[in-house]
Amino acid sequence: MNRLHTGIHIYVVLACVTAIVIDVTMALTMNEKSLLSTTISNLAAGDFDAAQDTGLIMVAIGVVLTGVVVWREFKPNWINRSAAGLFAVAGLCTVLLALYEAYSKVSPSLPKLHDWATWGLGFCFAGALALIAYEHGKGRLFFRILTLLAALVFLAAGAATAGVNDGIVGLVERFSIAGMLLWLIFFHAERLWDPV
């Protein structure tokens, strides 16, 4: 493994940990905010949005860099190329979520940009994980199960935020994002520990 890939793996692990620390710190210390009821998006559109945006953008860069790793390190077939492309789009969707106020509308007659970016992130990231699980889970049952579980948790908890009580929507959303961040940490830490 070359220095670029080592640097990418270290960056993504640190970016995910930093984002978790920022989110938990903000949710626990801001006025009347909590991990249960306040979504990541609400914090990113609040008084101290720069901190939350920083964490989100760090993760977005990490997701795109994951696509770079898949593109450069894995066999150049359509499955890996598609997964790399989906990671790139998922990263761009995360940037949109960070840089545009959570509940602003581009046009009253159109869906919110926030909704489009959320759906794009959900389908692209979960799709990339499904492809990775299929292509790289052969003979690695634990990796395949964890990757598919992360995709399922990410999609299911993300979709559930549309129907849960406002009192726990923040917790459900964080459960979804946990699937994403924990998989990223696992994937990059594993490659640092045991390069393929």
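That block above? That's the structure.
Residues numbered from 1 in each chain as written. Predicted model: local features only at pLDDT ≥ 70, side-chain atom pairs only at ≥ 80, totals over all residues. Heavy atoms only, no water.

### Focus: a nonpolar patch on the surface
On the surface, a nonpolar cluster with roughly 480 Å² of combined accessible area is contributed by Trp-116, Trp-119, Phe-123 and Leu-155. Here the element with the most residues in the nonpolar patch is helix α5 (residues 113-136); it accounts for three residues. Along the chain, Leu-155 turns up in helix α6 (residues 141-160). (Patch = residues over 30% accessible without salt bridge, like charges linked within 9 Å, V, L, I, M, F, W, Y side chains within 5 Å. Areas by Shrake-Rupley, 256 points an atom, 1.4 Å probe, with all protein chains shown as cover. Salt bridge = Lys/Arg side-chain N within 4 Å of Asp/Glu carboxyl O. Helix = DSSP H or I, 4+ residues; strand = E, 2+ residues; numbered from the N terminus.)

### Digging into the packing of aromatic side chains
Here the structure, examined in full by the defined rule, presents nine aromatic pairs. Note on Phe-74 and Phe-187: the rings are 6.2 Å apart at their centroids and 85° apart in plane angle, and the pair reads as edge-to-face. Of this pair, Phe-74 sits in the loop between α3 (49-73) and α4 (78-99) while Phe-187 is found in helix α7 (residues 169-193), placing the two residues 113 residues apart along the sequence. On the accessibility criterion, Phe-187 (1% relative accessible area) is buried. On the basis of an interplanar angle of 15° and a centroid distance of 4.8 Å, the ring pair of Trp-183 and Phe-187 is categorised as stacked. Of this pair, Trp-183 and Phe-187 both sit in helix α7, four residues apart, roughly one helical turn. By the burial criterion, Trp-183 is buried, and Phe-187 matches it. Three or more aromatic residues joined by ring pairs form one cluster here, namely Phe-74, Phe-87, Phe-125, Phe-154, Trp-183 and Phe-187. When the ring centre of Trp-71 is taken as reference, the NZ or CZ atom of Arg-81 above it lies at 3.8 Å. Residue placement shows Arg-140 over the ring face of Phe-143; its charged tip is 4.3 Å from the ring centre. (Phe/Tyr/Trp six-rings, centres within 6.5 Å; stacked < 30°, edge-to-face > 60°. Buried < 20%, exposed > 50% of the residue type's maximum accessible area, 1.4 Å probe, protein only. Lys NZ or Arg CZ within 6 Å of the ring centre and 35° of its normal.)

### Examining the pattern of salt bridges
Going through the model one piece at a time under the given rule, you end up with four salt bridges. Between Asp-23 and Arg-174 there is a salt bridge, with the nearest N and O atoms lying 2.6 Å from each other. On the criterion of sequence distance, the pair formed by Asp-23 in helix α1 (residues 3-29) and Arg-174 in helix α7 is long-range, its members being 151 residues apart. Residue Asp-23 shares its accessibility class with Arg-174, and that shared class is buried. Linking Glu-190 and Arg-140 is a salt bridge whose minimum nitrogen-to-oxygen distance equals 2.6 Å. Taken together, the residues Glu-190 in helix α7 and Arg-140 in the loop between α5 and α6 connect sequence positions 50 residues apart.

### Regarding the side chain of Thr-147
You can see Thr-147 is positioned in helix α6. Given a relative accessible area of 0%, Thr-147 falls into the buried group. Among the polar contacts made by the side chain of Thr-147, one reaches the side chain of Trp-183 at a distance of 3.0 Å. Not counting the four nearest positions on each side in its chain, Thr-147 is found in contact with Leu-129, Ala-133 and Trp-183. (Polar contact = N/O pair within 3.5 Å; in protein donor to acceptor, adjacent residues only side chain to side chain. Contact = heavy atoms within 4.5 Å.)

### Observations regarding the packing of α1 against α7
Axis separation between α1 and α7 bottoms out at 8 Å; the angle between their running directions is 150°. As judged from the angle between their axes, α1 and α7 are roughly antiparallel. The two elements α1 and α7 cross, and the hand of that crossing is left-handed. Packed against α1, whose contacting residues are Thr-6, Ile-8, His-9, Ile-10, Val-12, Val-13, Cys-16, Val-17, Ile-20, Asp-23 and Ala-27, the element α7 presents Arg-174, Leu-181, Leu-184, Ile-185, His-188, Ala-189, Arg-191 and Leu-192 at the interface. Residue composition of the contact of α1 with α7, grouped by class: 13 nonpolar, three polar and three charged. (Axes fitted to C-alpha atoms, helices over the stretch in contact; angles between N-to-C directions. Parallel < 35°, antiparallel > 145°, perpendicular 65-115°, else oblique. Left-handed = near helix turned anticlockwise from the far one by under 90°. Nonpolar A, V, L, I, M, F, W, Y, C, P; charged D, E, K, R; others polar.)

### Examining the layout of surface pockets
When its volume is computed, the largest pocket comes out at roughly 1100 Å³. Together, 43 residues line the largest pocket, and Ser-41, Thr-118, Thr-161, Glu-173 and Ile-177 are the ones closest to its centre. Per-element accounting of the lining of the largest pocket gives the leading share, nine residues, to α7. Class assignment for the residues of the lining of the largest pocket results in 24 nonpolar, 13 polar and six charged. The volume enclosed by the second largest pocket comes to roughly 180 Å³. Looking at the second largest pocket, the residues that line it are Leu-146, Leu-149, Ala-150, Val-153, Phe-175, Ala-178, Gly-179, Leu-182, Trp-183 and Phe-186. Contributions of two or more residues to the lining of the second largest pocket are made by α6 and α7. Tallying contributions element by element places α7 first for the lining of the second largest pocket, with six residues. (1 Å grid on protein atoms, 1.4 Å probe; cavity = no way out; pocket = protein on both sides within 12 Å on 5 of 7 lines; lining within 4 Å. Points joined across faces, edges and corners; volume = space filled by probe spheres on them.)

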